[in-house]
Amino acid sequence: MKLSTRIALWAAAVVPVLVVLAGLLLLPLVGRDLRHQQDARLRDRAAAVLPGVRALVAADTRGRPKVEQNQQRKVVDAALDSGVRVTAEDGTVLLSVGPQPADDRAFPTAPGGPATVHDHGAAWRVLTARVSGTGANGGSGTLWVSEPGGLAGSQTAAVRRRVLLVAGVSAPVSALIGFALAERATAPLRRLSRRAAELDPAAPPAPGADPGTGGAPFAAVRSGTAEVDELASALALLLSRYDEQALRTAQALETARSFSSAASHELRTPLMSLRTNLDVLTAHQDLPPAERAEIVAELRDDHTRLLDLLTALGTLARGDLVEVDSFGPVDLAELADTAAAEARRRHPGADITVDLPPELRVFGWEPGLRIMLVNLLVNAAVHGRGGTLRTDPARVTLRLAPAGPAALLTVDDAGPGVPPAERDAVFHRFHRRRDSPGSGLGLTLVAQQAALHRGTVRITEPPVGVGCRVEVRLPLPDADAPTLRLPARRDWITGEQP
């Protein structure tokens with residue numbers, strides 16, 4: 001059932017009930033007002049006939065029939081449509097005209113009122129007054145002014161019938177008005193429903209699009225109705241999150257496929273080498289110790305290369321899938337000091353020095369920044385050997401300092417350096433020298449983390465002119481934009497770098 005129909009039915013049911021309840025509250029007030037009006041009229045009639053009644057009582061006491069008849073006519077004229085009854089002091093009825101109770105016993109004996117009396121099932125409103133005749137010997141008597149007491153009741157009953165009539169008429173009228181108002185009020189909701197019905201949930205987000213720009217974008221349009229605007233905003237937010245999750249799911253699936261493809265391709269050579277060496281050891285049990293040791297060393301190297309490759313690929317996949325919720329304030333100086341200690345442990349022969357401030361905080365992903373620092377130092381320790389034959393110990397210098405709105409991180413080594421033509425290529429996936437023992441993913445991880453943190457990385461000449469410098473710039477937290485927005489595309493695991 002439509003909402004407007006429900007509102008119309010509720011209006012048709014509630015409005016008549018409210019009218020009847022209002023009538024029930026109004027009827028006692030109307031009845032009281034009518035009785036007050038009737039009592040006031042009785043007092044006015046009593047005041048109007050009182051002079052004639054006094055003269056009538058005096059004429060009866062003095063035995064003047066003609067004067068008595070004359071006074072009776074005056075009292076009747078002044079009584080109008082009210083009932084008047086006058087008795088002498090001895091109870092003799094001097095005058096009885098107009099509507100009044102038929103039973104003499106129904107009249108009150110004590111002066112006062114008006115009071116309600118009953119005679120043969122009929123109600124009367126009666127005002128009683130003691131009257132003294134005019135003159136020194138005028139005598140006394142009693143005056144009753146009466147009206148039917150049902151007048152107020154009949155008028156109240158008429159009001160009651162009108163209330164019921166209004167309640168009956170208000171049902172269909174309120175239903176029509178409620179339906180019209182409800183149709184107008186729910187028009188923005190119907191438009192929102194039509195817009196939502198036009199969405200295509202099966203349409204995937206466009207490749208490379210930002211989250212929230214799927215196959216059927218939904219923008220919250222203001223309608224002027226607060227509740228509908230809130231619903232539209234909530235729906236737009238829900239769809240934006242749905243698109244974002246759909247995009248992240250698609251990226252996760254693509255990352256998993258790329259991981260599988262890259263792993264199967266890159267692991268083929270070390271696995272074949274492992275198999276060959278194992279076959280040699282199996283087929284030639286009597287190998288000389290020197291040859292056997294050489295083969296075992298090659299097996300260890302292949303095993304290390306396999307572990308490094310799988311670890312690097314897994315780290316690339318984590319960087320492609322990390323969410324902004326994992327980011328937070330990080331002390332880059334403390335992290336760099338920890339990474340230097342890790343690099344010294346891996347390469348005890350390298351001379352690694354650091355120049356760090358007491359503290360330098362950035363907004364970042366701590367595991368990713370640690371991976372970036374460790375790979376920078378390990379790469380410099382491996383390729384930073386000096387001398388003609390590259391036999392001198394590797395000398396590596398790590399420096400960190402603020403540089404305007406960014407944190408500047410530099411790693412210098414004393415190695416042969418990188419030719420300018422190859423400086424961009426070294427960040428590509430699986431790029432390595434012929435004699436490199438690594439997986440070719442170390443600097444790729446560095447570039448990924450720099451891009452993930454909206455920073456930059458490049459290779460330049462060191463200040464002394466010998467060796468290589470890797471320079472990384474990461475933005476410092478901005479008071480106007482304290483949070484970080486991740487890149488829309490993260491395809492480092494696939495080899496298609498943004």
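The sections below set out a description of the structure shown in this document. All of these numbers come straight from a predicted model, not from anything done at the bench.

**Side note on the side chain of S174**
Step number 1: In this fold, S174 is placed in helix α3 (residues 150–185).
Step number 2: According to the relative accessible area criterion, S174 is buried, its value standing at 10%.
Step number 3: Of the polar contacts made by the side chain of S174, one reaches the backbone oxygen of A11; its length is 3.2 Å.
Step number 4: A polar atom in the side chain of S174 sits 3.0 Å from the backbone oxygen of A171.
Step number 5: Apart from residues no more than four positions distant in its own chain, S174 is found in contact with A11, A12 and V15.

**Focus: the sheet that holds strand β10 (residues 406–413)**
Sheet strands associate in pairs through backbone hydrogen bonding, adopting either a parallel or an antiparallel arrangement.
Step number 1: Strand order in the open sheet made by the 5 strands is β7-β9-β10-β12-β11, with mixed pairing throughout. Every other strand in the sheet has two partners, leaving β7 (351–355) and β11 (456–460) as the edge strands with one partner each. Within this sheet the neighbouring strands show an average axis-to-axis angle of 15 degrees, counted without direction.
Step number 2: Bridge analysis of strand β9 (residues 395–403) against β10 gives 8 bridges, and the strand direction is antiparallel. In the strand pairing of β10, L398 is matched with V411.

**A closer look at the nonpolar core**
Step number 1: Counting 39 residues, the largest nonpolar core has L332, L369, M372, L373, L376, L377 and L409 as the members making the most contacts within it.
Step number 2: Every element with two or more residues in this core is listed here: α7 (332–346), α8 (366–383), β9, β10, α9 (442–452) and β12 (468–475).
Step number 3: Here this core gets 9 residues from one element, more than from any other, and that element is α8.
Step number 4: If near-sequence neighbours (up to four positions away) are discounted, L332 is found in contact with L360, V362, L369, L373, L400, A407 and L474.

**Focus on the packing of aromatic side chains**
Step number 1: Counted according to the given criterion, the structure contains 2 aromatic pairs.
Step number 2: Consider the rings of F107 and W144, whose centres lie 5.4 Å apart with planes at 50 degrees: the pair is tilted. Highlighted residues: F107 in the loop between β2 (93–97) and β3 (112–119) and W144 in strand β5 (residues 140–148), separated in sequence by 37 residues.

**A few points about the sheet that holds β5**
Step number 1: Pairing in this open sheet of 5 strands is antiparallel, and the strands run β2-β1-β5-β4-β3 from one edge to the other. Both outer strands of the open sheet, β2 and β3, are each paired with one neighbouring strand and no more. Geometrically, the sheet is characterised by an average inter-axis angle of 25 degrees between neighbouring strands, direction not taken into account.
Step number 2: With 4 bridges connecting them, strand β1 (residues 83–88) and β2 associate as antiparallel partners. From the neighbouring strand, V86 faces β2, where its bridge partner is L95.

**Let's talk about α7**
Think of an α-helix as 3.6 residues a turn; residues three or four steps apart then line up on the same face.
Step number 1: In this model α7 runs 21 Å from its N-terminal to its C-terminal C-alpha over 15 residues, within 8% of the 21 Å that 1.5 Å per residue would give.
Step number 2: Near the N-terminus of α7, the side chain that reaches the backbone nitrogen of A333, with its oxygen 3.2 Å away, is that of D331.

**As for the pattern of salt bridges**
Step number 1: Counted according to the given criterion, the structure contains 15 salt bridges.
Step number 2: The salt bridge partner of R125 is D39, with a shortest N-O separation of 2.8 Å. Within this pair, whereas R125 is found in strand β4 (residues 122–132), its partner D39 is found in helix α1 (residues 3–62), the two being separated by 86 residues in sequence. The same class applies to R125 and to D39, which are both buried.
Step number 3: For R85, the salt bridge identified is with D104, shortest N-O distance 2.8 Å.

The rules behind each value
Residues numbered from 1 in each chain as written. Predicted model: local features only at pLDDT ≥ 70, side-chain atom pairs only at ≥ 80, totals over all residues. Heavy atoms only, no water. Helix = DSSP H or I, 4+ residues; strand = E, 2+ residues; numbered from the N terminus. Buried < 20%, exposed > 50% of the residue type's maximum accessible area, 1.4 Å probe, protein only. Polar contact = N/O pair within 3.5 Å; in protein donor to acceptor, adjacent residues only side chain to side chain. Contact = heavy atoms within 4.5 Å. Pairing = 2+ DSSP bridges. Axes fitted to C-alpha atoms, helices over the stretch in contact; angles between N-to-C directions. Core = buried A, V, L, I, M, F, W, Y, C linked by side-chain atoms within 4.5 Å. Phe/Tyr/Trp six-rings, centres within 6.5 Å; stacked < 30°, edge-to-face > 60°. Expected span 1.5 Å × (residues − 1). Salt bridge = Lys/Arg side-chain N within 4 Å of Asp/Glu carboxyl O.

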